[in-house]
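# Reading the structure
Below are the chains, spelled out letter by letter.
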Amino acid sequence: MRGRMRKTAYQVTIAIDGPAGSGKSTVARRVAEKLGFLYLDSGAMYRAVTVFAIRHGIAEDTPKLIDMVKRCHIDFADNGKTILLNDENVSTDIRSPEVNSLVADVAKIPEIRHEIVRHQQRIGEEGSLIAEGRDLTTIVFPNADFKFYIDASVTERAGRRLAELRAQNVDTTLKAVEAGIRARDKKDTSRAHSPLRIAADAIRVDTTQRTIDEVVDFILGQVKSKD
Ligand code: DC
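Now for a quick tour of the structure. This is a predicted model, so every value here is computed, not measured.

## A short note on the overall build of the chain
Scanning the chain from terminus to terminus reveals nine helices and eight strands. On C-alpha atoms alone, the chain measures out to a radius of gyration of 17 Å, which is about the 17 Å that the 2.2 N^0.38 rule sets for 227 residues. Within the chain, the fraction of its 227 residues that count as buried is 49%. Counting only contacts in the chain whose residues sit at least 6 apart along the sequence, the fraction spanning at least 24 positions is 75%. Here the chain displays about 11,300 Å² of accessible surface, and carbon together with sulfur accounts for 51% of that area. One finds the centroid of the 36 positive side-chain charges in the chain at a distance of 2 Å from the centroid of its 33 negative side-chain charges.

What follows is the structure, given as structure tokens:
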């Protein structure tokens, strides 16, 4: 993974964690645009490694995967909207159903996490940044200037996911989507390494009854109040 520049004193880091479907990616992307910050979608990096694992038939072969991950070049372009795996745009591939079902197992391997976290920290040295995922407030940027934990009820998150799937003509039910979300929450919160948890100094934001714009404004308000 490639080297980056050093962070300077006036650079700001905003770290956001939260469960799948909480709205944190949309919120983080919009805040990044409004503040002119870099946007780091940390889940996309675990997804890119999973694409690599599937293509090389090593998703089940942990030692080989650990060895190969060191040779993966993962980069972002278009301020975080495009992800490159060894210079190839894999932004669509990382959202495939196959990746969806394998990524949690790849993301739980400590050596893979170690590589990815180091790479994320190097990206963090590049400039002011807003980063989101499951361990950004706790492990990747424990000294972030601002920390948020974005949450929503399981039913609300399942409803949002169902709407997305229906828009893609995927035939499913709220009950099935809700079961999938509960299973992912369980994997994310109960794994041995870097489980999803609320950092003691994070501000918790529940998006169940709030629009994306309200949450974006709340975060911008917090950041600007400390200017
Ligand atoms: O946020 P997402 O759905 O794109 O995340 C994909 C997977 O990666 C999910 O299983 C959780 C995991 N992940 C992680 O372990 N740590 C992160 N910082 C981000 C995502």
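## Considering the sheet that holds strand E1 (residues 13–17)
The strand order E2-E6-E1-E7-E8 describes an open sheet built from five strands, whose pairing is parallel. For this open sheet the edge positions go to strand E2 (38–41) and strand E8 (203–206), each flanked by a neighbour on one side alone. Each neighbouring strand pair of the sheet contributes to a mean axis angle of 20 degrees, computed without reference to strand direction. Sheet analysis places E2 next to strand E6 (residues 129–133), joined by four bridges and oriented parallel. The residue bridging Leu40 from the neighbouring strand is Ala131, located in E6. Across the sheet, helix H2 (residues 42–55) lies against E2 and E6, angled at about 50 degrees from E2, the strand it touches most.

## Considering the sheet that holds strand E3 (residues 74–77)
Pairing in this open sheet of three strands is antiparallel, and the strands run E3-E4-E5 from one edge to the other. Of all strands in the sheet, those with a lone pairing partner are E3 and strand E5 (88–89), marking the two edges. Pairing between E3 and strand E4 (residues 82–85): four bridges, direction antiparallel. Following the sheet pairing, Ile74 is matched in E4 by Leu85.

## Some points on the packing of aromatic side chains
Inspection of every chain in the model, using the stated rule, returns one aromatic pair. Here the basic side chain of Arg210 rests over the ring of Phe218, its NZ or CZ set 5.3 Å away from the ring centre.

## A closer look at unusual backbone geometry
Positive phi outside glycine occurs at Asn86, with the angle close to 45 degrees. Among the secondary structure elements, Asn86 is positioned in the loop between E4 and E5. We classify Asn86 as partly exposed; its relative accessible area is 34%. At Asn169, a residue that is not glycine, the phi angle is positive and equals roughly 60 degrees. Its location among the elements puts Asn169 in the loop between helix H7 (154–167) and helix H8 (174–190).

## A few points about the site of the ligand
Neighbouring residues of the ligand: 16 residues in total, closest Arg47, Arg113, Asp135, Arg184 and Arg191. Note that an oxygen atom of the ligand is positioned 2.9 Å from one of the side-chain N or O atoms of Arg134. The contact in question runs from a nitrogen atom of the ligand to an N or O atom on the side chain of Asp135, over 2.8 Å. Relative to its unbound accessible surface of 450 Å², the ligand loses 95% to contact with the protein. Along the lines of polarity and charge, the residues of the shell around the ligand split into five nonpolar, three polar and eight charged.

Criteria and cut-off values
- Throughout this document, residue positions are counted from 1 along each chain, in the order its sequence is written.
- Whole-chain, interface and lining totals are the exception, using all residues; otherwise, since this is a predicted model, local features are given only for residues with pLDDT of at least 70 and side-chain atom pairs are given and counted only at 80 or more.
- To get the side-chain values, take all heavy atoms of the structure and skip hydrogens and water.
- Secondary structure is summarised from DSSP: a helix means a run of H or I of at least four residues, a strand means a run of E of at least two, and numbering begins at the N terminus for each.
- Radius of gyration means the value over C-alpha atoms here, while the globule rule gives 2.2 Å times the residue count to the 0.38 power.
- Buried means the residue's accessible area, taken with a 1.4 Å probe over protein chains only, is under 20% of the maximum for its type, while exposed means over 50%, and partly exposed covers the values in between.
- Throughout, a residue-residue contact means that at least one pair of heavy atoms, one from each residue, lies within 4.5 Å.
- To measure how exposed things are, a 1.4 Å probe is used in the Shrake-Rupley method; for residues, cover is taken only from the protein chains shown.
- Residues scored as positive are Lys and Arg, those scored as negative are Asp and Glu, and His as well as the terminal groups of each chain are ignored.
- Here the site of a charge means NZ on Lys, CZ on Arg, CG on Asp, or CD on Glu.
- When DSSP finds two or more bridges between a pair of strands, those strands are recorded as paired.
- An axis is simply a line fitted to the C-alpha atoms; with a helix, the fit covers only the stretch in contact. Between two such axes, the angle follows the N-to-C directions and lies from 0 to 180 degrees.
- Two aromatic rings, drawn from Phe, Tyr or Trp (for Trp, its six-membered ring), form a pair once their centres lie within 6.5 Å of each other, and the interplanar angle then sorts them: stacked below 30 degrees, edge-to-face above 60, tilted otherwise.
- Definition used: whenever NZ (Lys) or CZ (Arg) falls within 6 Å of the ring centre and also within 35 degrees of the ring normal, the charge is taken to sit over that ring.
- Whether a residue is near a molecule or strand is decided by its heavy atoms; if any one of them lies within 4 Å of it, the residue is near.
- Any N or O atom pair separated by 3.5 Å or less is treated as a polar contact, with the protein-specific requirement of one donor-capable and one acceptor-capable atom, and with residues adjacent in sequence counted only for side-chain atom pairs.
- Put simply, Ala, Val, Leu, Ile, Met, Phe, Trp, Tyr, Cys and Pro go in the nonpolar bin, Asp, Glu, Lys and Arg in the charged bin, and everything else, Gly too, in the polar bin.

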